[in-house]
Amino acid sequence: MSAADRLLSHLTRVKRTAPGKWAACCPAHESKSGSSLSVRELDDGRLLVHCFGGCSVEFLLAHLALELD
């Protein structure tokens with residue numbers, strides 16, 4: 001299972017926006033928008049994660065009980 005698959009399996013309202021790109025609700029804060037969190041998988045497997053509500057990646061991962069590899 002890829003890093004993207006592992007992260008996306010913990011998120012809600014996931015929508016693929018382009019190849020290797022998704023939008024979802026940020027689980028670390030009350031988000032009513034299905035696009036408060038952006039996830040992008042790079043060619044080398046690394047993920048770029050951005051919360052438009054201002055949550056840090058560390059806060060988001062801690063909320064999901066996940067760790068950086």
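Scroll up to find the structure.
Thresholds applied
- Positions within a chain are numbered from 1, following the residues in the order the chain's sequence is written.
- In keeping with the model being predicted, local features are shown solely for residues with a pLDDT of at least 70 and side-chain atom pairs are shown and tallied solely at 80 or more, while totals for entire chains, interfaces and linings include all residues.
- Excluding hydrogens and water, the side-chain figures rest on all heavy atoms present in the structure.
- In plain terms, two cysteine sulfur atoms within 2.5 Å form what is called a disulfide here.
- By the criteria applied, helices consist of DSSP H or I runs no shorter than four residues and strands consist of E runs no shorter than two, each listed in order from the N terminus.
- A 1.4 Å probe rolled over the protein chains alone gives each residue an accessible area, and that area as a share of the maximum for its type sets the label: buried under 20%, exposed over 50%, partly exposed in between.
- Only heavy atoms matter for contacts: two residues are in contact if any of them lie within 4.5 Å across the pair.
- Definition used for salt bridges: Asp or Glu carboxyl oxygen within 4 Å of a side-chain nitrogen of Lys or Arg.
- Residues enter a nonpolar core if they are buried and are Ala, Val, Leu, Ile, Met, Phe, Trp, Tyr or Cys, with the set joined through side-chain atoms within 4.5 Å.
- In this description, strands pair whenever DSSP reports at least two bridges between them.

K.L.:
Can you walk me through the state of the cysteines in this structure?
P.N.:
Chemically, a disulfide is nothing more than a covalent bond linking the sulfur atoms of two cysteines. Following the criterion strictly, the structure yields 0 disulfides and no others. Note on Cys26: no disulfide assigned, nearest cysteine sulfur contributed by Cys51 at a separation of 3.7 Å.

K.L.:
In this structure, what is going on with the side chain of Ser36? I would like to understand it.
P.N.:
Checked against the element boundaries, Ser36 lands in the loop between β2 (21-25) and β3 (37-41). A residue is classified by how much of its surface remains accessible, and Ser36, at 8% relative accessible area, is buried. With sequence-adjacent residues up to four places away left out, Ser36 is seen in contact with Ala24, Cys25, Cys26, His29, Ser31, His50, Cys51, Phe52 and Gly53.

K.L.:
Could you clarify how one ought to interpret the pattern of salt bridges in this entry?
P.N.:
Note on pairing: side chains with opposite charge can pair once their charged atoms come close. One pass over the full model with this rule turns up 1 salt bridge. Here Arg46 makes a salt bridge to Asp44, at a shortest N to O gap of 2.7 Å. An identical accessibility class is assigned to Arg46 and Asp44; each is exposed.

K.L.:
Sorry, what's going on with the nonpolar core here?
P.N.:
As a rule of thumb, soluble globular proteins bury nonpolar side chains together. Formed by 15 residues in total, the largest nonpolar core has its most connected members in Leu7, Leu8, Leu11, Cys26, Leu37, Val39 and Leu60. Counting residues per element, this core draws most heavily on helix α1 (residues 3-8), at 3 residues. Apart from the residues within four sequence positions on either side, Leu37 is in contact with Leu11, Trp22, Ala23, Ala24, Cys25, Cys26, Pro27, Val49, His50, Cys51, Phe52 and Leu60.

K.L.:
Would you take a moment to explain the pairing of β2 for this structure?
P.N.:
Along a regular strand, successive side chains alternate from one face of the sheet to the other. Counted residue by residue, β2 has 4 buried out of 5 residues, so it is predominantly covered. Pairing of strand β1 (residues 12-18) with β2 involves 4 bridges; the strand directions are antiparallel. Its bridge partner being in β2, Thr12 is matched across the sheet by Cys25. Turn length for the β1-β2 hairpin, with the two strands adjacent in sequence and antiparallel, is 2 residues, and the turn residue Gly20 shows positive phi of about 75 degrees. With 4 bridges connecting them, β2 and β3 associate as antiparallel partners. Looking at β3, one finds that Ala24 is bridged to Leu37.

K.L.:
Help me understand the pairing of β3, please; the structure alone is not making it clear to me.
P.N.:
In this sheet, strand β4 (residues 47-51) lies alongside β3 in antiparallel orientation, the contact comprising 5 bridges. Directly across from Val39, in β4, lies its bridge partner Val49. Joining the antiparallel neighbours β3 and β4 is a turn of 5 residues, in which Gly45 adopts a positive phi near 95 degrees.

These results come straight from atomic positions and should not be treated as a statement about function.
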